[in-house]
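Working through the structure, step by step
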Amino acid sequence: NAGVTQTPKFRVLKTGQSMTLLCAQDMNHEYMYWYRQDPGMGLRLIHYSVGEGTTAKGEVPDGYNVSRLKKQNFLLGLESAAPSQTSVYFCAIRSRGGNTEAFFGQGTRLTVV
Amino acid sequence: GDSVTQMEGPVTLSEEAFLTINCTYTATGYPSLFWYVQYPGEGLQLLLKATKADDKGSNKGFEATYRKETTSFHLEKGSVQVSDSAVYFCALRERSNDYKLSFGAGTTVTVRA
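The structure reproduced in this document is the subject of the present report. (Residues numbered from 1 in each chain as written. Chains lettered and ligands numbered in written order. Predicted model: local features only at pLDDT ≥ 70, side-chain atom pairs only at ≥ 80, totals over all residues. Heavy atoms only, no water.)

Some details on the interface of chain B and chain A
If you look at the interface, chain B gives 19 residues, while chain A gives 22 residues. The junction of chain B with chain A conceals about 1700 Å² of combined surface from both sides, 51% of it contributed by carbon and sulfur atoms. If you sort the residues of chain B by the area they bury against chain A, Leu44, Asp98 and Tyr99 of chain B come out on top, with a joint share of 33%. Counting across the chain B and chain A interface gives 0 salt bridges. On inspection of chain B and its partner chain A, the count reaches 6 residue pairs in polar contact (both at pLDDT 80 or more). Of all the secondary-structure elements, those providing two or more residues to the side of chain B that touches chain A are β5 (32–38), β6 (44–50), β10 (86–93) and β11 (101–103) of chain B. By residue number, the principal contributor to the side of chain B that touches chain A is β5 of chain B, which donates 4 residues. (Contact = heavy atoms within 4.5 Å. Buried area = accessible area lost by both parts, 1.4 Å probe. Salt bridge = Lys/Arg side-chain N within 4 Å of Asp/Glu carboxyl O. Polar contact = N/O pair within 3.5 Å; in protein donor to acceptor, adjacent residues only side chain to side chain. Helix = DSSP H or I, 4+ residues; strand = E, 2+ residues; numbered from the N terminus.)

Re the sheet that holds strand β7 (residues 56–59) of chain B
All names here are of chain B. As summarised here, the arrangement of the 4 strands in space is β3-β9-β8-β7, forming an open sheet in which the pairing is antiparallel. In this open sheet, the two strands that pair with only one neighbour each are β3 (19–21) and β7. In this sheet, adjacent strand axes meet at a mean angle of 15 degrees when their direction is disregarded. Alignment of β3 against strand β9 (residues 75–77), held across 3 bridges, turns out to be antiparallel. Note that in β9 the partner of Ile21 across the bridge is Leu75. (Pairing = 2+ DSSP bridges. Axes fitted to C-alpha atoms, helices over the stretch in contact; angles between N-to-C directions.)

Structural data, given as structure tokens:
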């Protein structure tokens, strides 16, 4: 999906390890989101940001931290990975204004063993 | 808060069959409504949207009408193709909280030749 790049695309972690997922955008949108997608549960919002230097918790923030030091980047960190964090993670961006669409990255498939 | 409920899947159809995926919403105001589609191995992308009552969104042969009286935004396509096999998500943007975008659980559709 043009404009939103997620890194890495795949990762296998051992329980207790840490990692950072990077979301980078080139569309200059204000809002950035991290979702996780699990079978039968749809998309659940982990954290989001409404602008550079701001972050807020979503529905399922426990075990994750985020930072948005630059407008174009939104980082999702797992300090101590758990098997329950095995999921597909999606970053999304959106510009301010109610009718604007969200653009999604290709996803990061994370497995915690 | 505002939320969407969509028909559970999976749905399996034959080519050229009629497809309907039900979506209803709960909102305190007048949200904007969206349908997103996720093809295998990809992120979500916007399929269509409607921003006020009685609006009809349409794209790629799909249609959905914003029905305020029944708080619904059902997705329909008259003749599906194998290439329509995907996961479909109904989504809602709260008018009072511009940043907030809520998704349904997703409906997996498989079209057989």
